[in-house]
Amino acid sequence: MTRLKLVIFLAGLIGLLSSCKEQIKEKSKDMATASVQFKVGQVWKYNNRPGEDSSTLTILKTEKYENDTIIHIRVDGIKLHNPSIAGGYSDFIGHLPFSQNTISKSVTRLVEQNNNLPDFSEGYNQWKEAWDSGKGGYWTVDLKDAIEGMDSVMRQNK
């Protein structure tokens, strides 16, 4: 499986792993109290999984909706099980949509501003199509827990 196919697979996995459709209808937190205003291109350290201390997330896009603000991110410096590629592991996830509140709680330190973002349009466009049709959602669990969940699913799909 190529990295592009992995990105596509993970975008679909997002819809399966999260019960996001119902969360859209619920306003769980007042976003006005979110502690961080994210800007496109920011690279952040976050509460990572053990052994992934060099991992970072990059803000790709922010979108305000009625009940939440969705932060689209890329994660680098991880070790995600992927039996379909040489070496058996991916070192990044190209696109993940998260609630702003969740990302605010996950980040620990702003590292830099990156003005040369990678192309994430394919993953985003697939998500947006699912979102617009009521079949897509976004993550509201801690980033490291989401990565751990994806890793677990990938291990089951050997």
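Before reading on, note that the structure itself is shown above.
These notes cover the structure that comes with them. What you see is a predicted model; the values in this text were computed from it and never measured. Throughout, a residue's number is its position along its own chain's written sequence, starting from 1. Local features in this predicted model are restricted to residues whose pLDDT is 70 or higher, and side-chain atom pairs enter the listing and the counts only when it is 80 or higher, whereas totals over whole chains, interfaces and linings include all residues. The basis for every side-chain value is the complete set of heavy atoms in the structure, and neither hydrogens nor water enter the calculation.

1. Considering the pattern of salt bridges
By definition, a salt bridge exists where a carboxyl oxygen of Asp or Glu is found within 4 Å of a side-chain nitrogen of Lys or Arg. In this structure the tally under the stated criterion is six salt bridges. Of the charged contacts in the structure, one is a salt bridge between Arg74 and Asp76, with a shortest N-O distance of 3.0 Å. With a relative accessible area of 22%, Asp76 lands in the partly exposed category. The closest approach of N and O atoms between Arg155 and Asp151, which form a salt bridge, is 2.9 Å. With Arg155 and Asp151 both in helix H5 (residues 143–156), this residue pair falls four residues apart, about one helical turn. Partly exposed describes any residue whose relative accessible area lies between the buried limit of under 20% and the exposed limit of over 50%, with all areas from a 1.4 Å probe on protein chains only and scaled to the type maximum. Of the residues examined, Arg155 reaches a relative accessible area of 36% and is grouped as partly exposed. Residues joined in a network through salt bridges with shared partners are Arg49, Glu52, Glu148, Asp151 and Arg155. Secondary structure is summarised from DSSP: a helix means a run of H or I of at least four residues, a strand means a run of E of at least two, and numbering begins at the N terminus for each.

2. Some words on the environment of Tyr65
Within the secondary structure, Tyr65 sits in the loop between strand S2 (56–64) and strand S3 (69–81). With residues near it in sequence (within four places) discarded, Tyr65 still touches Ile70, Trp127, Lys128 and Trp131. Between N or O atoms, a polar contact is any pair within 3.5 Å; within protein, one atom must be a potential hydrogen donor and the other a potential acceptor, and residues adjacent in sequence are included only when both atoms are from side chains. Polar side-chain contacts of Tyr65 include one of 3.2 Å to the side chain of Lys128. Residues are treated as being in contact if the distance between any of their heavy atoms lies within 4.5 Å.

3. Focus on the packing of aromatic side chains
The relation between two aromatic rings is expressed through the spacing of the ring centres and the mutual angle of the planes. Two aromatic rings from Phe, Tyr or Trp, using only the six-membered ring of Trp, form a pair when their centres are within 6.5 Å; if the ring planes differ by under 30 degrees the pair is stacked, by over 60 it is edge-to-face, and anything between is tilted. According to the stated counting rule, one finds seven aromatic pairs in the structure shown. Residues Tyr124 and Trp127 carry aromatic rings whose centres are separated by 5.8 Å and whose planes lie at 40 degrees to one another, so their mutual orientation is tilted. Of the two residues, Tyr124 and Trp127 are both situated in helix H4 (residues 121–132); the distance of three residues between them amounts to about one turn of the helix. A relative accessible area of 10% places Tyr124 in the buried class. Residues Trp127 and Trp131 carry aromatic rings whose centres are separated by 5.2 Å and whose planes lie at 25 degrees to one another, so their mutual orientation is stacked. Of this pair, Trp127 and Trp131 both sit in helix H4, separated by four residues, roughly a single helical turn. Neither residue differs from the other here; Trp127 and Trp131 are each classed as buried.

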